[in-house]
Structures are given as structure tokens and as C-alpha cells.
Amino acid sequence: MNSSGHHHHSTGPGDGDGTDATSAATDPTFYRSPAEAIAAPRETLAYVVAFDRTAQRPDALTVVDLDPDSDSYGTVVGWEDMPGTGDELHHFGWNACSSAFLHEGHDMTGLSRRYLLLPGLRSSNVHIADTHPDPRSPKVVKTITAEELAEKAGYSRPHTLHCGPDGVYLSCLGTASGDGGPGGIAVLDHSTFDVLGKWETDRGPQHLAYDAWWHLMHNTLVTSEWGTPAMVEHGIVGEQLLNQEYGHALHFWDLAAGKHLQRVELGPEHQMALELRPAHDPEATWGLVDAVISTEDLSASIFHWHRTEAGDWTAEKVISIPAEPLAAEKLPEFLRPFGAVPPLVTDISLSVDDRWLYVSCWGTGELKQYDVSDPAHPKETGSVRLGGIGDRAAHPSAPDTWLGGGPQMVETSRDGTRVYVTNSLYGAWDDQLYPHGIGAWMAKIDADTDTGGLSIDEDFFLDQEDFRGLRVHQIRLQGGDASSDSYCYRA
């Protein structure tokens, strides 16, 4: 892949915990196939980022115990403060993962799923946390500064990252200076964490950025669109939403060349095309993406993209989730003219076996499960409610406590039976849509993966004080999860 054609792998900053003797062995959490990932031991820890909306205290990387046999199950067992304030930690991810098998035969010595890269969506700094030698006690060992990101890649507001075979691909919302676009992808060395440069060699019409992921075995990268920093940092801009100025297209690229190939329009009314979930089957050429809100009827949508027989790409709407009527006095000011709550689908999660899709309806407080065995014709199979603008549904373990927010970030275990959710979307948007306060909480939903169905785990619920008053966003599971790995072999 361009801008990172080297294959050296040092053991990273601050190494020296005596792991060199075993470094020749491949990390056991690099899985050759989806089936191998599903069969691997279950996660016993989650890493969850937490941020201070006031920017007075440092944001933190927290560690939650997920081992049901442990005395500390469902509690925060590790905490690492960031070096400064005002980062707004948001999405984050691993330095390396199963995609490393793409160039099997190259030197993977010392390469492991070890470092978590933590982008600050507001500060544009990227902090690197080492999860060795004690995974419950991650330590920040390096920071990539906003200045380095701007100077070497030309970007700011780093948002989502994925571990690729030759480096880390970091999708950024903004250009180097100011609060405009184009946003795009910076490539980082996944051992030294140096910024190697801008990934795109020819961006074509692409201007807005959000997520970036790939069909690794088909030399295809896909990007989605949200908005420039100016369009998102202070909340939803009503005028720009009604003018359909937020993102509403997918872009398909030549992965090796960094070259734009095709723009696929979802329809300008389908505002904010966010989370890309390509099939985990390395031979598949389809995926699913959510569109947050329709300017026509406030509904949310899921689109199915796939390669056509002619070799180009197309996308069709396969799920539509309608808005729910609600009395104006119960609505935040922004929504009062509409008399309804939009579902606001802000995150989706596709199980590793590509069968189940989990959909977060952050506005209505619903988490939905769909059977996507036939991704062109999903079937709804389960639903639970927590929070929501209208009913603020309580958790069964705390029936008297109304919940702010709703299921927002959603992460699925490798075996597909456990779904974890947190409730914050983005500081300014939280405040706009949940003006009475959003709090902070994390819940676990048990999924029936035989016939479908969801149930809330009554023994697992963390809230405000567990996270020391910080708001919580993305979840990463120890050893990998449904949204962090790409596989190179079908079996």
C-alpha cells in the first residue's frame, strides 16, 4: 500500500518487558479466519474511552471487567488519564490485528495486538497506550501531536482508525488548519507510530470524511461521509441539515493506489452516512452502512452495498426505521417543530459470522437486532429499550433511574452472543438532543444467535459514578471484537 511499503517492525516505544524470546510466535489474537476468531476464548476485559465534556479534567482510557466468574465483574478495574485536557476521546483501536496475515511470509516478529491508539476528536492529538505487561493497567507511552498530523498528513480531527497489514489507517474529518475539508486518511506506522503521510493519491470528488474500511482481499477501500469539523463540532446545524449538506454518499477506492474509483449516491435526503460494516468473510463483496436521518420523514436507514457483475459498486436501502410521534414539550428545542423523535441510527455492528446486525437508535433508545443472512433482505428479530428522548427507559437493575442518551456505540463479542453499548454520541450533540443531561452508562445485552432475540443482562450495568462523572463512548474488547479485525482466509 502506498506511503508505507516497508516491512520492518520494531517492538515499539518503551519496550523491554522481556517478551523478545517469544516474539517469533504470531499473536494468538491474530485470527486467520472469522471462524477462528469466533472459536477463540471469550473476552474478559473491555477498554472504554471516557471524556470530560467541560475539558477541565483529563479524558481517560478505562478498563471494565467482563469475566462473569470474577468478583469485580461489571466494574471498572483500570484507569489511565490522558496527558492533557480537551481531547474528547471518541473512536479508538488497535495498532495491529488479523489483517497482518495479508502478507503472510513477511516478518511479523514482535508485532502484536498490544497498543491502543486513542485519537482526540477535538484536540487532534493521538495518544498511544500500551496494554502490556498488565492489560488492566494500560499506560500512555507516546502522543502523536496535532502538529505532526497536520504537517505530515495534512489532516485534523482524527476520528476512526483500522489496523491494516502495513500500518494504521486513521480517518480524519478536517484539513490541517481551520475547520473545513477535505477530510481523509492518514497512514501511521503500526510499530513506531510515525505519521507516514496522506493515503489518498487522487481523491476525485471526495470532500467529506467519516469512516474508512475495506474489502482487503479485493483491493478496495470504502469511505463514508459525515461533515467538516465546522458542521459537527457545535452540534447539528439545522439549516445545513435541511439543505442536505451533510454526507450522503459512499466512495470506493483502489486500496493499493490510494485512488478514487467511484462515488455511490445514497440520496441527498439520507443525511450522515456513517458506520461502514463490510462483511467479515474475506471473499465477500458487500457491506452495510447507516444513514442517521432522512430530511423527508426523520426516518433512519441501513443501506446494503455490493459489487455488481460489471465490477462496479452499488447500494440499496434495505432497512427503514420510522420516527416516533412525541408531544412537543417532551422534545428538545431542535426537534419541537417536527412533533416526533427520529430514531437517529448512529452506530451498527455486524457479527463476525456476518449473520446478525445490531442497530443503535440513539434518539428513541432502542437497540434492534436483524438477521442479515441475506443482506439484501434483513429481517428484524429482536429489540430492547434503554434511555431515549421520549421514555428514558430505565435499566432493569435500576428501575427508578431514568437514563439519558440511548444505546449509541455498540460492540459485539467475537462469538456473537454478547453486545455491549454505551450512551454518548458526541459532546455537543449530546447536549443538543438530551438537554436535561445525558449522564454516562454502559450495558450488556445478551443475544440469541440461534433464532434471534435480545435480553438485557440485569447483572451488568455501569453508570455515572463508575466512570467518575465522565461520558463514555467507544468500547474495544480484549483480543478483538466484531468491528476491529479484517480476515484473510475463509477457513
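Residues numbered from 1 in each chain as written. Predicted model: local features only at pLDDT ≥ 70, side-chain atom pairs only at ≥ 80, totals over all residues. Heavy atoms only, no water.

Q: Would you mind going over the nonpolar core with me for this structure?
A: A general trend in soluble globular proteins is that nonpolar side chains are found buried together. Of all hydrophobic cores here, the largest spans 30 residues; its most connected members are Trp226, Val232, Tyr246, Met272, Ile389, Trp429 and Leu433. Among the secondary structure elements, those contributing two or more residues to this core are helix 3 (229-232), strand 16 (270-278), strand 17 (286-294), strand 21 (340-341) and helix 5 (427-433). Among the elements that take part in this core, helix 5 stands out by supplying three residues, more than any other. (Core = buried A, V, L, I, M, F, W, Y, C linked by side-chain atoms within 4.5 Å. Buried < 20%, exposed > 50% of the residue type's maximum accessible area, 1.4 Å probe, protein only. Helix = DSSP H or I, 4+ residues; strand = E, 2+ residues; numbered from the N terminus.)

Q: Is there a simple way to explain the sheet that holds strand 28 (residues 441-447) in this structure?
A: Two modes of strand pairing occur in sheets, parallel and antiparallel, and in both the strands are linked by backbone hydrogen bonds. If you trace the four strands from one edge of the open sheet to the other, you get 26-27-28-29, paired in antiparallel fashion. Two strands lie at the open edges of the sheet, namely strand 26 (410-412) and strand 29 (454-463), each paired on one side alone. Sheet twist, expressed as the average angle between the axes of neighbouring strands with direction ignored, equals 20 degrees. (Pairing = 2+ DSSP bridges. Axes fitted to C-alpha atoms, helices over the stretch in contact; angles between N-to-C directions.)

Q: Would you explain the layout of surface pockets in this entry?
A: A water-sized probe rolled over the atoms picks out the places where empty space is left. Taken as a whole, the second largest pocket holds about 170 Å³ of empty space. Lys330, Ile389, Arg392, Pro435 and His436 are, among the 15 residues lining the second largest pocket, the residues nearest its centre. For the lining of the second largest pocket, the class distribution of residues is seven nonpolar, four polar and four charged. (1 Å grid on protein atoms, 1.4 Å probe; cavity = no way out; pocket = protein on both sides within 12 Å on 5 of 7 lines; lining within 4 Å. Points joined across faces, edges and corners; volume = space filled by probe spheres on them. Nonpolar A, V, L, I, M, F, W, Y, C, P; charged D, E, K, R; others polar.)

Q: I keep staring at the packing of aromatic side chains and nothing clicks. Help me out?
A: How two aromatic rings sit relative to each other is given by the distance of their centres and the angle of their planes. Taken as a whole, this structure holds 14 aromatic pairs when the rule is applied. Judged by centre distance (5.7 Å) and plane angle (65 degrees), the rings of Trp226 and Tyr426 are edge-to-face. Within this pair, whereas Trp226 is found in the loop between strand 13 (220-223) and helix 3, its partner Tyr426 is found in the loop between strand 27 (418-422) and helix 5, the two being separated by 200 residues in sequence. Residue classification places Tyr426 among the buried positions, given a relative accessible area of 1%. Site record: aromatic cluster; members linked through ring pairs are Tyr169, Trp199, Trp214 and Trp253. (Phe/Tyr/Trp six-rings, centres within 6.5 Å; stacked < 30°, edge-to-face > 60°.)

Q: Honestly, empty space enclosed by the protein in this entry has me stumped. Any pointers?
A: Tallied over the entire structure, the rule returns six cavities of 30 Å³ or more. Size it by volume and the largest cavity reaches roughly 140 Å³. Around the largest cavity sit 15 residues that line it, and Trp214, Ala279, His280, Ser486 and Tyr487 are the ones nearest its centre. Among the residues making up the lining of the largest cavity, the classes are represented as nine nonpolar, four polar and two charged. Of the volumes computed, that of the second largest cavity is approximately 80 Å³. Lining the second largest cavity are 14 residues, with His90, Tyr210, Trp226, Leu274 and Leu425 sitting closest to its centre. Residue classes in the lining of the second largest cavity are distributed as seven nonpolar, six polar and one charged.

Q: Help me understand the pairing of strand 9 (residues 167-175) in this model?
A: Within a regular strand, side chains alternate between the sheet's two faces. The element strand 9 is largely enclosed, with a buried count of eight among its nine residues. Across eight bridges, strand 8 (residues 155-164) lies against strand 9 in antiparallel orientation. In the sheet register, Thr160 faces strand 9, and the bridge partner there is Ser171. Between strand 8 and strand 9, which pair antiparallel one after the other, the connecting turn spans two residues. Alignment of strand 9 against strand 10 (residues 184-188), held across five bridges, turns out to be antiparallel. Residue Leu170 lies in a different strand from strand 10, and its bridge partner there is Ala186.

Q: Whenever I open this one, unusual backbone geometry confuses me. Can you help?
A: Excluding glycine, most residues fall at negative phi; most peptide bonds, likewise, are trans. Of note, the bond from His132 into Pro133 is cis; its omega dihedral lies within 30 degrees of zero at 0 degrees. Within the element layout of this structure, Pro133 appears in the loop between strand 6 (126-130) and strand 7 (139-144). The phi dihedral of Ser124 is positive, around 70 degrees, even though this residue is not glycine. Given a relative accessible area of 6%, Ser124 falls into the buried group. Non-glycine residue Gln244 carries a positive phi angle of around 60 degrees. Here Gln244 is to be found in the loop between helix 4 (238-242) and strand 14 (249-254). Gln244 gets classed as partly exposed once you look at its relative accessible area, which sits at 27%.

Q: Hey, could you run me through the side chain of Arg157 in this one?
A: With respect to the helices and strands, Arg157 occurs in strand 8. Within the structure, Arg157 has its side chain in polar contact with the backbone oxygen of Gly178 (distance 3.0 Å). Contacts of Arg157, omitting those with residues within four sequence positions, involve Leu121, Ser124, Ser171, Cys172, Leu173, Gly174, Gly178, Asp179, Pro229 and Glu233. (Polar contact = N/O pair within 3.5 Å; in protein donor to acceptor, adjacent residues only side chain to side chain. Contact = heavy atoms within 4.5 Å.)

Q: Looking at this structure, I do not really get the environment of Arg122. What am I missing?
A: Relative to the assigned elements, Arg122 resides in the loop between strand 5 (115-119) and strand 6. On the basis of relative accessible area, Arg122 is assigned to the partly exposed category, the value being 28%. Those residues within four positions of Arg122 in sequence are excluded, and the remaining contacts are Arg53, Gly86, Asp87, Glu88, Glu233, Tyr426 and Ala428. Separated by 2.8 Å, the side chains of Arg122 and Glu88 make a polar contact.

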